[in-house]
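Survey of secondary and tertiary structure
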Amino acid sequence: MKIRPLHDRVIVKRLEEERKTASGIVIPDNAAEKPDQGQVLAVGPGKRDENGKHIAVDLKVGDRILFGKYAGQTVKVDGEELLVMREEDIMGVVEA
């Protein structure tokens, strides 16, 4: 299934964090926090201004982003958990 986001929405896949501490202790799944980083899979065309002109989203597919712990709406697509969020819920892009 392919999803095409509308307006200023973005489809994001959470990036899994390390499940081991620096000292080597393994963190069980039920004790680990949800990661707050993800990879952009799809980007909508953007909002429209008062004149009907598109205001483009400032992200592109493949960007690694930071977002709040409770940002976005979780959806399941082909057995995979994805997030649908608005551009305003994204705090920044991680530069490599």
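Before reading on, note that the structure itself is shown above.
The structure contained in this document is the topic of the report that follows. Please read these numbers as outputs of a predicted model, since none were measured by experiment.

The rules behind these values
- Residues numbered from 1 in each chain as written.
- Predicted model: local features only at pLDDT ≥ 70, side-chain atom pairs only at ≥ 80, totals over all residues.
- Heavy atoms only, no water.
- Helix = DSSP H or I, 4+ residues; strand = E, 2+ residues; numbered from the N terminus.
- Buried < 20%, exposed > 50% of the residue type's maximum accessible area, 1.4 Å probe, protein only.
- Contact = heavy atoms within 4.5 Å.
- Pairing = 2+ DSSP bridges.
- Axes fitted to C-alpha atoms, helices over the stretch in contact; angles between N-to-C directions.

Once that is clear, we can look at the overall build of the protein. Counting its secondary structure elements, the protein contains 0 helices and 8 strands. When the helices and strands of the protein are listed from N to C terminus, the series reads β-β-β-β-β-β-β-β. Burial analysis of the protein (96 residues in total) assigns 24% to the buried set. Here the contacts in the protein between residues at least 6 apart in sequence split such that 59% fall between residues at least 24 apart.

In this section: the environment of Asp 89. Considering the arrangement of structural elements, one finds Asp 89 in the loop between strand 7 (80-86) and strand 8 (90-93). Given the relative accessible area of 31%, Asp 89 is considered partly exposed. Sequence separation between Asp 89 and Val 10 is 79 residues, and the spatial gap between their C-alpha atoms is 9.8 Å. For Asp 89, the contacting residues outside a window of four places in its chain are Phe 67, Gly 68, Ala 71 and Gly 72.

This part covers the sheet that holds strand 5 (residues 64-67). A sheet is described by the order of its strands in space; here 6 strands give the open sequence 6-7-1-2-5-8, paired in antiparallel fashion. A single partner strand is all that each edge strand has here, and the edge strands are strand 6 (73-77) and strand 8. The average angle at which neighbouring strand axes cross in this sheet is 45°, direction not considered. Direction of pairing for strand 5 relative to strand 8: antiparallel, over a ladder of 3 bridges.

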